[in-house]
Amino acid sequence: MMKVYRNGDSLPIFKNAVITIGTFDGVHTGHQQIIEQLKSEAHKIDGETVIITFDPHPRKIISAAAGIKLINTTEEKIELLAQKGIDHLVIVPFTEAFSKLTAEEYISEFLVKKFHPHTIIIGYDHRFGAGRKGDYHLLEDMSVFFHYVLREIPVHVLNAISVSSTRIREAIAHADIATANELLGYEFFFEGIVIEGNKLGRDIGFPTANLKITNEEKLMPGDGVYAVEMSIINDEGAIPEASPIMTTRSKNPELKGMMNIGYRPTVDGTKKVTEVNIFDFNDNIYGKTLRVYVKKWLRGEQKFNGLDTLKQQLAKDKTDAMNYLGA
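Residues numbered from 1 in each chain as written. Predicted model: local features only at pLDDT ≥ 70, side-chain atom pairs only at ≥ 80, totals over all residues. Heavy atoms only, no water.

A.B. asks: Mind laying out the sheet that holds strand β3 (residues 49–55), listing which residues take part and the relevant values?
C.D. replies: A sheet is described by the order of its strands in space; here six strands give the open sequence β1-β4-β3-β2-β5-β6, paired in parallel fashion. Either end of the sheet is taken by a strand with one partner, and the two such strands are β1 (3–5) and β6 (149–153). Averaged over neighbouring strand pairs, the angle between their axes works out to 25 degrees when direction is ignored. Note that strand β2 (residues 18–21) and β3 share four bridges and pair parallel. The residue bridging V18 from the neighbouring strand is T49, located in β3. On top of the sheet, helix α5 (residues 103–115) reaches β2, β3, β4 (88–93) and β5 (119–123); it is set at about 130 degrees to β3, its chief contact. Strands β5 and β6 of the sheet are contacted by helix α6 (residues 136–146), whose axis makes an angle of about 160 degrees with β6. (Pairing = 2+ DSSP bridges. Helix = DSSP H or I, 4+ residues; strand = E, 2+ residues; numbered from the N terminus. Axes fitted to C-alpha atoms, helices over the stretch in contact; angles between N-to-C directions. Contact = heavy atoms within 4.5 Å.)

Following this line, the structure appears as structure tokens:
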């Protein structure tokens, strides 16, 4: 089971550590090739695999980039990587002070002193240290002094990851959930807390759970109506430091339904909402966390000529969703 560490100050001595560094946003099919390379190198030397990632996203600190949207939250990333057979995940707090380490300090004081790597697997385009002055060639030069093995991630793998990540973000944002799910290698999901709405759905026979998205940096699907599956999450909070990770949150979804994301133009809505109609379900779940797996896009958001027309369309949406989900 994978162990998680949320800083670099109290790490154990890893056994023949084989490390790689990256954001791994999406933990998608492109990333799988790096993970397999990592595991293969570790197997050769009876070593342990270590992935180093950062929180918050480095761009928020280095360029003060506002509005960064991520495919995965940190907790989701932990869960997905735990399923890949990684031994250790280190989530380093990316601070302004950390960003000011020189490239040489990054190698000597961070990578070598804290991780004692046997092998570092990195791409030719990886940049690090103040001013992004560190690169693959500097790692190569300093390997002579620090006695680590350096392995390059093939260019075609890096290109595939870059293309996949961009396509996934674009597909999610433009409601092309079929493409997103294919490139991710799993169904895109998010979590939200069930909050009070205006109960209009209940009045027209389609009660909905309104969701407050738990992380504002989470990339959300484009406006429209979707077929979804859901689980009610017993939230256990952040995963404790250095604890073995068991993927309990990713249980099979037990609820089926349809989701609307948008402004509800038929009732002159002005606020964007995310709401789900759960089929054959009447429990009170206010305050609960709901995980939503986005299965299929059904249609775009439309303005109808009154509530009766809207009800007719919702009945059709429900039939279409149930047929797809096998409900």
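Okay, back to it.
A.B. asks: Residues and numbers for the layout of surface pockets, please.
C.D. replies: Put simply, the largest pocket is a space of about 1200 Å³. Every residue lining the largest pocket is counted, 40 residues in all, and those nearest its centre are G22, T23, H57, H126 and R132. Secondary structure elements with two or more residues in the lining of the largest pocket: β2, α1 (29–44), α2 (58–62), α4 (96–99), β5 and α7 (155–173). Among the elements that line the lining of the largest pocket, the one with the most residues is α7, at six residues. Partitioned by chemical class, the residues of the lining of the largest pocket number 18 nonpolar, 14 polar and eight charged. (1 Å grid on protein atoms, 1.4 Å probe; cavity = no way out; pocket = protein on both sides within 12 Å on 5 of 7 lines; lining within 4 Å. Points joined across faces, edges and corners; volume = space filled by probe spheres on them. Nonpolar A, V, L, I, M, F, W, Y, C, P; charged D, E, K, R; others polar.)

A.B. asks: I'd like a rundown of the nonpolar core, residues and numbers included.
C.D. replies: If you look at the biggest cluster of nonpolar residues, it comprises 55 residues, and the most contacted ones within it are M259, V276, L290 and V292. Per-element accounting of this core gives the leading share, six residues, to α7. With sequence-adjacent residues up to four places away left out, V276 is seen in contact with P207, T208, A209, L211, V228, M230, M258, M259, L290 and V292. Residues F14, I19, L139 and M142 belong to the second largest nonpolar core, which totals 29 residues. (Core = buried A, V, L, I, M, F, W, Y, C linked by side-chain atoms within 4.5 Å. Buried < 20%, exposed > 50% of the residue type's maximum accessible area, 1.4 Å probe, protein only.)

A.B. asks: Describe the environment of R299, and please don't skip the residues or the numbers.
C.D. replies: Mapping R299 onto the fold places it in strand β12 (residues 289–299). Between the C-alpha atoms of R299 and T214, which are 85 residues apart in sequence, the distance is 25 Å. When residues no more than four places from it in sequence are discounted, the contact partners of R299 are G224, V225, F304, Q313, L314 and D317. Polar contacts involving the side chain of R299 include one to the side chain of Q302, which spans 3.5 Å. (Polar contact = N/O pair within 3.5 Å; in protein donor to acceptor, adjacent residues only side chain to side chain.)

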